[in-house]
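Here is what each chain is made of, one letter per residue.
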Amino acid sequence: MRIIAELPHPDFKISILSMNNKFIVKIEQGALEQSYKIPEMDLTDGVNSVFELLDEEFLKKVSTRFIDMRNDYKDAYFRYNY
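Values in this document were obtained by computation on a predicted structure and should not be read as measured data.

Conventions and cut-offs
- Residues numbered from 1 in each chain as written.
- Predicted model: local features only at pLDDT ≥ 70, side-chain atom pairs only at ≥ 80, totals over all residues.
- Heavy atoms only, no water.
- Helix = DSSP H or I, 4+ residues; strand = E, 2+ residues; numbered from the N terminus.
- Rg over C-alpha atoms; globule rule 2.2 N^0.38 Å.
- Buried < 20%, exposed > 50% of the residue type's maximum accessible area, 1.4 Å probe, protein only.
- Contact = heavy atoms within 4.5 Å.
- Polar contact = N/O pair within 3.5 Å; in protein donor to acceptor, adjacent residues only side chain to side chain.

### Topic: the overall build of the chain
No. 1: Broken down by element type, the chain carries two helices and four strands.
No. 2: Mapped from its N terminus to its C terminus, the chain presents α and β elements in the order β-β-β-β-α-α.
No. 3: Expected size for 82 residues packed as a compact globule is a radius of gyration near 12 Å; at 15 Å, the chain overshoots this value by more than 25%.
No. 4: Along the longest, intermediate and shortest principal axes, the C-alpha atoms of the chain span 50 × 25 × 20 Å.
No. 5: By residue count, 27% of the 82 residues in the chain fall in the buried class.
No. 6: Here the analysis covers contacts within the chain between residues at least 6 apart in sequence; of these, 34% occur between residues at least 24 apart.

Pasting the structure below:
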């Protein structure tokens, strides 16, 4: 697995990796991570097509999902500890 690109973003760390004929988009925020595996054969323009997938609407949903993930973790943590 190797990193082929990193995209600047104010809220996340976005890395694009290549492994086994797939692009892996890894989006991190603090201790949380989301990853998406995209077969290279599904994309017409290689890594440039990955950049096109990461549009504003997609990243808004990623942000919302991070909020949900954080809330789920906090809920589980408090159930376990209290």
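### Section: the side chain of glutamine 29
No. 1: Mapping glutamine 29 onto the fold places it in strand β3 (residues 22–29).
No. 2: The class of glutamine 29 is buried, set by a relative accessible area of 18%.
No. 3: Engagement of the side chain of glutamine 29 in a polar contact is seen with the backbone oxygen of aspartate 11, the distance being 3.3 Å.
No. 4: Within the structure, glutamine 29 has its side chain in polar contact with the side chain of arginine 70 (distance 3.1 Å).
No. 5: Apart from the residues within four sequence positions on either side, glutamine 29 is in contact with Asp11, Phe12, Phe66 and Arg70.

What is shown is where atoms sit, not what they do.
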